[in-house]
Amino acid sequence: MQLRRKLTQVTQELEKVFRKRIKIAWVFPGQGKEVVEMSADIKEALLEIWEPVERVLKKDYADMLFYLLTTKESEIEEAKRPWAKMMIKMFAQPAVFIDCYCRAQIRLKKVDRGEEKAPDFLAGPSLGEITALVVGGALSFSQGLRLVMMRNFAMFSAAYFINDGCMIAVFGDSKKRTMAENYAKKAKFKIANTNNPEEVVFSGPRAILKKFTDNLEKKRIGYKVLETIDAFHNKDFMGHPQQTLNFVLDLPDMEISSPSIPVFSCLTKNKQKSPRQIKRNLIDSVINPTDFSEVVFRLVRAGCVASTIVEVASPNIAYLANGLKRFPELREKSVLVEQVTT
């Protein structure tokens, strides 16, 4: 009788799993880990889209960026390596956007050939959400690149006028996270991004960073100061370039369509359908915190599992996939599917 009950239970679980098709999501990272040569392995794919890159960035900047993306660091003269590292940071957003877009196009060609299944959803934190909107068809590649360049400029203008902001990723369980948030308030740091249940990024004044990190070290809370030019997703630092973004997004030719593949917003945590709402989210997400962790929860509830949430990016800059193991619900669901399918 016990064996029969067990078999019945397993059968019911199998029926639940196969009744609803497991969904696929492509996710795109934001800036922060960009490096020279990160697109060296997809040089041919870059060449296919480089004409619009030259139109948007102008040829001199486009040539420099192509060199940075495709030239191995070991092949760059030693004296020029510091320059190369600095420039890839200065052009971080267009560099990451172009790399991820090209890799998505490579995968979409595999979808057309029947070698891979098409994604059901698209998402990404911060910059990654713009890549998702372009891949999903809400924006053209040229529109997306132009927007990314103006966003890059807006953040540089904030760094120029404020010039003392920084960002720090803090790691730990819910108890350590609560302690870190309390220390952050005292140091005037605010939550900028929630990447997963055990990784939160704070942004705030560089002048008080040491006070913040000293408290984290006392409680043995892990952290990493990010190599960003300023404190993003923070109204105290990103208020000035808001008018720049409003102007760019209100230009007559910045027409936004409803995406053909649903794109989750890290700001509202919902699927974006209305072009008007997409435009509003693009503006608001620059100065407000984003929550990729909640987007992952939504993807899980929509039918995705760890193995079907695919990070589309160079291995050199990918960081979202590593954080998926920190979602208990996702891990449990993925284990069940693995047991059923093996």
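Please read all numbers here as calculations on a predicted model, not as lab measurements.

### Considerations on the overall build of the protein
Reasoning step 1: Scanning the protein for helices and strands turns up 16 helices and 10 strands.
Reasoning step 2: The proportion of buried residues among the 342 residues of the protein is 51%.
Reasoning step 3: Contacts in the protein between residues at least 24 apart in sequence constitute 78% of all its contacts with a sequence separation of at least 6.

### Overview of the sheet that holds strand E4 (residues 190-196)
Reasoning step 1: Strand order across the open sheet formed by 5 strands is E6-E3-E5-E4-E9, with mixed pairing between neighbours. Looking at the sheet topology across the chains shown, the edges are occupied by strand E6 (222-225) and strand E9 (290-291).
Reasoning step 2: Judged from the 7 bridges that link them, strand E3 (residues 165-171) and strand E5 (residues 199-205) form a sheet pairing that is antiparallel. Paired with Phe171 across the bridge in E5 is Glu199.

### A look at the pairing of E5
Reasoning step 1: Buried residues dominate E5, accounting for 7 of its 7 residues.
Reasoning step 2: In this structure, the hairpin formed by E4 and E5 is closed by a connection of 2 residues.

### Topic: the side chain of Glu129
Reasoning step 1: Note that Glu129 resides in helix H7 (residues 127-135).
Reasoning step 2: Summary of buried charges: Glu129 has no salt-bridge partner, and the nearest side chain of opposite charge, Arg151, is 8.2 Å away.
Reasoning step 3: Here the side chain of Glu129 touches Cys266 through a polar contact of 2.7 Å, landing on its backbone nitrogen.
Reasoning step 4: Apart from the residues lying within four places of it in its own chain, the contact partners of Glu129 are Gly124, Val263, Phe264, Ser265, Cys266, Leu267 and Gln272.

### A word on the packing of helix H3 (residues 50-57) against helix H4 (residues 59-70)
Reasoning step 1: Between H3 and H4, the least distance of the axes is 7 Å, while the angle of their chain directions is 130°. Taken together, the axes of H3 and H4 lie oblique to each other. Here H3 and H4 pass one another in a crossing that is right-handed. Here Trp50, Val53, Glu54 and Leu57 of H3 lie close against H4, whose contacting residues are Lys59, Tyr61, Ala62, Asp63, Leu65, Phe66 and Leu69.
Reasoning step 2: Taken together, the residues of the contact of H3 with H4 sort by class into 8 nonpolar, no polar and 3 charged.

### Re the side chain of Asn193
Reasoning step 1: Examined against the element boundaries, Asn193 turns out to sit in strand E4.
Reasoning step 2: On the basis of relative accessible area, Asn193 is assigned to the buried category, the value being 8%.
Reasoning step 3: A polar side-chain atom of Asn193 sits 2.7 Å from a polar atom in the side chain of Thr290.
Reasoning step 4: In this structure, Asn193 is in contact with Ser126, Met167, Glu199, Val200, Val201, His233 and Thr290, ignoring residues within four places of it in sequence.

### Observations concerning the packing of helix H9 (residues 174-186) against helix H10 (residues 209-218)
Reasoning step 1: As a packed pair, H9 and H10 sit with axes 9 Å apart at the nearest point and diverge in direction by 155°. Comparing the axis directions of H9 and H10 gives the class roughly antiparallel. When the axes of H9 and H10 are compared, the crossing they make is right-handed. Contact with H9, carried on its side by Ala180, Tyr183, Ala184 and Lys186, involves Lys211, Phe212, Asn215 and Leu216 of H10 and no other residues of that element.
Reasoning step 2: Grouping the amino acids of the contact of H9 with H10 by side-chain chemistry returns 5 nonpolar, 1 polar and 2 charged.

### Description of the confidence of the model for the protein
Reasoning step 1: Per-residue pLDDT for the protein averages 85, and the proportion of residues at 70 or more is 84%.
Reasoning step 2: Confidence drops under pLDDT 50 across residues 335-342; counting only partners more than four residues distant or on other chains, this segment forms 8 contacts.

### What to know about a nonpolar patch on the surface
Reasoning step 1: Taken together, the side chains of Tyr67, Trp83, Met86 and Met90 present a nonpolar region at the surface, about 350 Å² in accessible area.
Reasoning step 2: The element that contributes the greatest number of residues to the nonpolar patch is helix H5 (residues 81-90), accounting for 3 residues.
Reasoning step 3: Structurally, Trp83 is set in helix H5.
Reasoning step 4: You can call Trp83 partly exposed: its relative accessible area is 34%.

### Observations concerning the packing of aromatic side chains
Reasoning step 1: For the structure on display, the rule yields 10 aromatic pairs.
Reasoning step 2: Between Phe97 and Phe141, the aromatic rings sit 5.6 Å apart at their centres with planes inclined by 10°, giving stacked as the arrangement. Taken together, the positions of Phe97 in helix H6 (residues 92-112) and Phe141 in helix H8 (residues 141-161) put the pair 44 residues apart, joining distant regions of the chain.
Reasoning step 3: Take Phe97: its relative accessible area is 0%, and that puts it in the buried class.
Reasoning step 4: Aromatic side chains Phe189 and Phe212 sit 5.0 Å apart centroid to centroid with 45° between the ring planes, which places their arrangement in the tilted category. Of this pair, Phe189 sits in the loop between H9 and E4 while Phe212 sits in helix H10, placing them 23 residues apart in sequence. There is no split in this pair, since Phe189 and Phe212 are both buried.
Reasoning step 5: An aromatic cluster is defined as three or more aromatic residues linked by ring pairs; in this entry it consists of Phe97, Tyr101 and Phe141.

Cut-offs applied
- Residues numbered from 1 in each chain as written.
- Predicted model: local features only at pLDDT ≥ 70, side-chain atom pairs only at ≥ 80, totals over all residues.
- Heavy atoms only, no water.
- Helix = DSSP H or I, 4+ residues; strand = E, 2+ residues; numbered from the N terminus.
- Buried < 20%, exposed > 50% of the residue type's maximum accessible area, 1.4 Å probe, protein only.
- Contact = heavy atoms within 4.5 Å.
- Pairing = 2+ DSSP bridges.
- Lys, Arg positive; Asp, Glu negative; His and termini not counted.
- Salt bridge = Lys/Arg side-chain N within 4 Å of Asp/Glu carboxyl O.
- Polar contact = N/O pair within 3.5 Å; in protein donor to acceptor, adjacent residues only side chain to side chain.
- Axes fitted to C-alpha atoms, helices over the stretch in contact; angles between N-to-C directions.
- Parallel < 35°, antiparallel > 145°, perpendicular 65-115°, else oblique.
- Left-handed = near helix turned anticlockwise from the far one by under 90°.
- Nonpolar A, V, L, I, M, F, W, Y, C, P; charged D, E, K, R; others polar.
- pLDDT = per-residue confidence, 0-100.
- Patch = residues over 30% accessible without salt bridge, like charges linked within 9 Å, V, L, I, M, F, W, Y side chains within 5 Å.
- Areas by Shrake-Rupley, 256 points an atom, 1.4 Å probe, with all protein chains shown as cover.
- Phe/Tyr/Trp six-rings, centres within 6.5 Å; stacked < 30°, edge-to-face > 60°.

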